[in-house]
Amino acid sequence: MRKILIVGAGHAGLHLAHGLLTHGYDVTVITGQSSMEIRMGKPSVSQFTFPTALEHEREFDLDFWSALAPQIREQKLFVYTMDGGVSFLKGSSHPGNGYSVSVDRRVKMADWLEFFEDRGGKVVIHGVTVTDLDYFSRMFELIIVAVGHGELGQLFDNDTSRFSGARPRALAQAHVYDVWPDPDGDENISWAATAQTAGNLMLMPMLGQDGPCHNLLLVDRKGGPMDAWPDRPRPEEQLRRMKDLLRKHAPHSFERIKDATLIDGRSTLVEELTPQVRNPVGKLPSGGRVLGMADVVVTMDPYTGETWNNSTRCAQAYLESIIEHGDQPFDEDFLVAAFDRFWEFGQDNQRWAEFVSTLWDQDLPPHVGAVMGAAAQYPEIADRWVQAWDDPSDFKNWLFDPEVALRYVEEVKARHGD
């Protein structure tokens, strides 16, 4: 039985740990927080679990919350342009009966960590240094690093050949009650918006620690109009400022959250991050190698809601690579190949994130305006846009290239006799 160590009890690491345990590997997870400390800790940036990722979770009996969480079957996207105009589209989350969910990370990770231990996985609660990894490299055949802060993150150098468009982000988040329903009457629809005069926002239904609520997330470039948090305001003041920003830059969303209240005193977050891609192989002082995964090596722009999608796809790619590798040594060639397997998805996801992030830096590209205009008339276009959030690889087939996008719109119009 091959012995594998996963450092970090986050979304990617625990998904992989459960997958490996299911396939008979000897898996140890080492983490700096117990499940109770996770539950009582600060919130993290909330993300979607899209339909495909949800199916991957169900493979290992990890979908604990679909019966309790709001089932997001539709998404709305607004774009507020430089000239004061607004475009929007509304699409379904899945071509069939599938849906997305969002669950407070504290709930999800604590439940997964406890379930891992209940299933016979080994959990060690302890901080980890690079020196510790050197010691562990003599005890385990493979070490996967799923936590990227502190000195462990310094093991992985930036890889500008894969992604060089680093743009520092400032974000603010609040979990709230008393959000007004969508004007169409759907309480479980998720909203996203890009305000070209400011930044981006998401307003998504989610399952919090005490039941259903909403997550409000504002993301802007560092120093932008929505970067209003240098003094790290107290929770109530932060929510007041968030409402003021939406009143100015995204009035439709403001109308839904104008009466919102915080769910508790631990429901806000202010954070800064820089999207980047790192070399996936870290070298230990002794010469040993470790493999970074998910956020450690591919940091996504949080506005896209793709972070957990990336984590799940990375865990699946690593799991498949490990199983197929059999009893062969986990050498550097294997580590690189495992990451490359994930990067087939990750590069398209990162390209989508970069495309979205640049919308606020320029006038709305004419072809994007044309697509959004057509999406308001032809639901199949809006559905394709929203469903590609599940697998952003589809965007390169029809949206990024202006000529291809406009030709696609004309093809849809022709099918409808227009």
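The name an unreviewed UniProt entry gives the chain is Styrene monooxygenase StyA putative substrate binding domain-containing protein, with Nocardiopsis sinuspersici as the organism.

Engineer: For the environment of Arg 162, give the residues involved together with the corresponding values.
Structural biologist: With respect to the element layout, Arg 162 can be found in the loop between α6 (150-153) and β7 (169-177). Along the primary structure Arg 162 and Asp 26 are separated by 136 residues, whereas in three dimensions their C-alpha atoms are 33 Å apart. Not counting the four nearest positions on each side in its chain, Arg 162 is found in contact with Val 277, Phe 339, Asp 340 and Trp 343. Engagement of the side chain of Arg 162 in a polar contact is seen with the side chain of Asp 340, the distance being 3.1 Å.

Engineer: Help me get a handle on the environment of Thr 28, residues and values and all.
Structural biologist: Note that Thr 28 resides in strand β2 (residues 26-31). For the pair Thr 28 and Glu 117, spaced 89 residues apart in the sequence, the C-alpha separation amounts to 9.6 Å. With residues up to four places along the chain from it excluded, the contact list for Thr 28 reads Ile 4, Leu 5, Ile 6, Lys 122, Val 124 and Phe 140.

Engineer: Quick one: what's the story with helix α7 (residues 235-249), residue by residue and with numbers?
Structural biologist: Between its terminal C-alpha atoms α7 stretches 21 Å, which fits the 21 Å expected from 15 residues at 1.5 Å a residue. Within α7, burial applies to Gln 238, Leu 239, Arg 241, Met 242, Lys 243, Leu 245, Leu 246 and His 249.

Engineer: Run through the environment of Leu 364, naming residues and quoting values.
Structural biologist: Relative to the helices and strands, Leu 364 is located in the loop between α10 (332-357) and α11 (366-377). Judged by its relative accessible area of 17%, Leu 364 falls in the buried class. A C-alpha to C-alpha distance of 8.0 Å links Leu 364 and Met 82, two positions 282 residues apart in sequence.

Engineer: Which residues make up the nonpolar core, and what are the values?
Structural biologist: The biggest cluster of nonpolar side chains holds 73 residues, and the ones touching the most others in it are Ile 6, Leu 133 and Met 293. Tallying contributions element by element places α10 first for this core, with eight residues. Excluding anything up to four places from it in sequence, Ile 6 contacts Gly 13, Leu 16, Ala 17, Leu 20, Val 27, Thr 28, Val 29, Ile 30, Ile 144 and Ala 146. In this structure, Phe 50, Val 386, Trp 398 and Val 412 belong to the second largest nonpolar core, which totals 40 residues.

Engineer: An account of the domain arrangement of the chain is requested, with residue identities and associated values reported.
Structural biologist: Splitting the chain by domain gives domain 1 (3-65 + 105-164 + 275-358), domain 2 (71-100 + 169-273) and domain 3 (366-416). Contacts between the two partners involve 26 residues from domain 1 and, on the opposite side, 32 residues from domain 2. Approximately 2,200 Å² of surface area, both sides summed, lies buried where domain 1 meets domain 2, with 61% of it carried by carbon and sulfur atoms. If you sort the residues of domain 1 by the area they bury against domain 2, Ser 46, Phe 48 and Tyr 303 come out on top, with a joint share of 31%. Here domain 1 and domain 2 share one salt bridge between them. Arg 169 is paired through a salt bridge with Asp 301; the nearest N and O atoms lie 2.6 Å apart. Scanning the region where domain 1 abuts domain 2 turns up 11 residue pairs in polar contact (both at pLDDT 80 or more). Among the elements of the structure, α2 (35-40), α3 (51-59), α4 (105-118) and α10 are those that each provide at least two residues to the side of domain 1 that touches domain 2. Among the elements that line the side of domain 1 that touches domain 2, the one with the most residues is α3, at three residues. Within the side of domain 1 that touches domain 2, the residues separate by chemical class into 14 nonpolar, eight polar and four charged.

Engineer: Give a detailed account of the pattern of salt bridges, specifying residues and quantitative values.
Structural biologist: Summed over all chains, the structure comprises 33 salt bridges. A salt bridge links Arg 167 to Glu 354; the shortest N-O distance between them is 4.0 Å. Residue Arg 167 is found in the loop between α6 and β7, and its partner Glu 354 is found in helix α10; the two are separated by 187 residues along the sequence. The network of salt bridges with common partners includes Asp 231, Glu 237, Arg 240, Arg 241, Asp 244 and Arg 247.

Engineer: Residues and numbers for the packing of aromatic side chains, please.
Structural biologist: What describes a pair of aromatic rings is the distance from one ring centre to the other and the angle between the planes of the rings. Applying the stated criterion to the full structure yields 21 aromatic pairs. Geometrically, the ring pair formed by Phe 330 and Phe 334 is tilted, given 5.0 Å between the ring centres and 55° between the ring planes. A single burial state applies to Phe 330 and to Phe 334, both of which are buried. Ring-pair connections join several aromatic residues into one group, and the members of that group are Trp 352, Phe 355, Trp 385, Phe 395, Trp 398, Phe 400 and Tyr 408. The ring of Phe 140 carries the charged tip of Lys 3 above its face, separated from the ring centre by 5.3 Å. The ring of Tyr 408 has Arg 384 lying over it, and the distance from NZ or CZ to the ring centre is 4.9 Å.

Engineer: Can you tell me about unusual backbone geometry, naming the residues and giving the values?
Structural biologist: The phi dihedral of Asp 61 is positive, around 60°, even though this residue is not glycine. With respect to the helices, strands and loops of the structure, Asp 61 is situated in the loop between α3 and β3 (74-80). For Ala 294, which is not glycine, the phi dihedral falls at a positive 50°. In this structure, Ala 294 sits in the loop between β15 (289-292) and β16 (298-299). The class for Ala 294 is buried, based on a relative accessible area of 3%.

Definitions and limits used
- Residues numbered from 1 in each chain as written.
- Predicted model: local features only at pLDDT ≥ 70, side-chain atom pairs only at ≥ 80, totals over all residues.
- Heavy atoms only, no water.
- Helix = DSSP H or I, 4+ residues; strand = E, 2+ residues; numbered from the N terminus.
- Contact = heavy atoms within 4.5 Å.
- Polar contact = N/O pair within 3.5 Å; in protein donor to acceptor, adjacent residues only side chain to side chain.
- Expected span 1.5 Å × (residues − 1).
- Buried < 20%, exposed > 50% of the residue type's maximum accessible area, 1.4 Å probe, protein only.
- Core = buried A, V, L, I, M, F, W, Y, C linked by side-chain atoms within 4.5 Å.
- Domains from an automatic or database assignment.
- Buried area = accessible area lost by both parts, 1.4 Å probe.
- Salt bridge = Lys/Arg side-chain N within 4 Å of Asp/Glu carboxyl O.
- Nonpolar A, V, L, I, M, F, W, Y, C, P; charged D, E, K, R; others polar.
- Phe/Tyr/Trp six-rings, centres within 6.5 Å; stacked < 30°, edge-to-face > 60°.
- Lys NZ or Arg CZ within 6 Å of the ring centre and 35° of its normal.

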